Amino acid sequence: SHAHVDSPRREPWLLPQPHAAHALEALRERQRLLPFWYTLCWDAASGALPSAEGLPLVRPLWLGSGGGGSPPASPAGAGKPVPRSALLLADTAFTVGADLLVFPVATKGASNVEVPLPVHGCGGAPCEWFSVSSGARLRGGFWHSEPVGLGSMPRYQRGG
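Rules and cut-offs
- Residues numbered from 1 in each chain as written.
- Predicted model: local features only at pLDDT ≥ 70, side-chain atom pairs only at ≥ 80, totals over all residues.
- Heavy atoms only, no water.
- Helix = DSSP H or I, 4+ residues; strand = E, 2+ residues; numbered from the N terminus.
- Buried < 20%, exposed > 50% of the residue type's maximum accessible area, 1.4 Å probe, protein only.
- Contact = heavy atoms within 4.5 Å.
- Areas by Shrake-Rupley, 256 points an atom, 1.4 Å probe, with all protein chains shown as cover.
- Pairing = 2+ DSSP bridges.
- Axes fitted to C-alpha atoms, helices over the stretch in contact; angles between N-to-C directions.
- 1 Å grid on protein atoms, 1.4 Å probe; cavity = no way out; pocket = protein on both sides within 12 Å on 5 of 7 lines; lining within 4 Å.
- Points joined across faces, edges and corners; volume = space filled by probe spheres on them.
- Nonpolar A, V, L, I, M, F, W, Y, C, P; charged D, E, K, R; others polar.
- Expected span 1.5 Å × (residues − 1).
- Bend = angle between axes of the 7 residues up to and from the residue.
- Salt bridge = Lys/Arg side-chain N within 4 Å of Asp/Glu carboxyl O.
- Patch = residues over 30% accessible without salt bridge, like charges linked within 9 Å, V, L, I, M, F, W, Y side chains within 5 Å.
- Core = buried A, V, L, I, M, F, W, Y, C linked by side-chain atoms within 4.5 Å.

**Structural notes on the overall build of the protein**
At step 1: Broken down by element type, the protein carries 2 helices and 8 strands.
At step 2: Start at the N end of the protein and walk to the C end: the helices and strands fall as α-β-α-β-β-β-β-β-β-β.
At step 3: Looking at the protein residue by residue over its 160 residues, the buried ones come to 27%.
At step 4: For the protein, long-range pairs separated by at least 24 residues make up 63% of all intrachain contacts whose partners lie at least 6 apart in sequence.
At step 5: With the model as given, the accessible surface of the protein reaches about 10100 Å², and the carbon-plus-sulfur share is 60%.

**Looking at the sheet that holds strand β6 (residues 137-139)**
At step 1: On the basis of which strands lie adjacent, the open sheet formed by 6 strands has the order β1-β2-β3-β8-β5-β6 and antiparallel pairing. On the outer flanks of this sheet lie β1 (58-60) and β6, each paired with one strand and no other. The mean angle between the axes of side-by-side strands here comes to 35°, regardless of whether they run parallel or antiparallel.
At step 2: With 3 bridges joining them, β1 and strand β2 (residues 94-96) adopt antiparallel strand pairing. Bridging from a neighbouring strand, R59 pairs with T95 of β2.

**Examining the layout of surface pockets**
At step 1: In this model, the largest pocket occupies a volume close to 540 Å³.
At step 2: When contributions to the lining of the largest pocket are tallied by element, the ones reaching two or more residues are α1 (19-46), β2, β3 (100-102) and β7 (143-147).
At step 3: For the lining of the largest pocket, the leading source of residues is α1, giving 8 residues.
At step 4: Considered class by class, the residues forming the lining of the largest pocket number 13 nonpolar, 4 polar and 6 charged.

**With respect to α1**
At step 1: The terminal C-alpha atoms of α1, which comprises 28 residues, lie 39 Å apart, in line with the 40 Å expected from a rise of 1.5 Å per residue.
At step 2: Along α1, the sharpest kink reaches roughly 45°, centred on L33 and followed within four residues by the proline P35.
At step 3: Restricting attention to buried positions, one finds in α1 the residues A20, A23, E29, L40 and D43.
At step 4: Considering only its buried residues, α1 is in contact with β2 and β8 (155-158).

**A look at the pattern of salt bridges**
At step 1: Enumeration according to the criterion identifies 6 salt bridges in this entry.
At step 2: Salt-bridge contacts for E25 lead to R32; the nearest nitrogen and oxygen are separated by 2.6 Å.
At step 3: Of the residues examined, E25 reaches a relative accessible area of 37% and is grouped as partly exposed.
At step 4: Judged by its relative accessible area of 48%, R32 falls in the partly exposed class.
At step 5: The salt bridge involving R155 is made with E29; its shortest N-O contact spans 3.7 Å. You can see R155 sitting in strand β8 and its partner E29 sitting in helix α1, a full 126 residues away along the chain.

**A closer look at unusual backbone geometry**
At step 1: Going from Q17 to P18, the amide bond is cis rather than trans, its omega being 5°.
At step 2: On the secondary structure map, P18 appears in the segment before α1.

**What about a nonpolar patch on the surface?**
At step 1: Where nonpolar side chains cluster on the molecular surface, the patch consists of W62, L88 and L89 and spans about 340 Å² of accessible area.
At step 2: Counting through the fold element by element, L89 comes out in helix α2 (residues 84-89).

**Overview of the nonpolar core**
At step 1: In this structure, L61, L101, V115, L117, W129 and Y156 are the most contacted members of the largest nonpolar core, which totals 16 residues.
At step 2: At the level of elements, α2 and β4 (112-116) are the ones that each hand at least two residues to this core.
At step 3: Excluding residues within four positions of it along the chain, L117 makes contact with V82, L101, W129, L138, R139, G140, G141, F142, H144 and Y156.

Interpretation in functional terms is not warranted from these geometric data alone.
Below you can see the structure in the form of structure tokens.
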């Protein structure tokens, strides 16, 4: 534990650069997302969203991604279609609520990751996703290639 008298100190400002700068940015992002987390908690506690009743706040990709079916036809510039089985096997990606998809980079030295964006869960229409970092508009149901580096974690906001 970080609070034990014999454990090494782990405060973010004691980290070497560039890690300290990345830790500070992660803490700022956490603060920016607090209203989102509070709203999710309120919705879960009050039953404000009957469609989310009983669901956890942090969810695997397959949960709430709809009833399967075929991926949509590939538009120009889209990656390979994402089969539903890929969502079942995506063990590092998750959603916060229904609308924020997070894809932690779990491979040391990775410069690029392939992110499966679910197609279902938008009231019957194919979902659109927006990259939180670049604002790029992406179509659900396809793999999206995302460049990554130290201090970056792909995040996508569901459109609609």
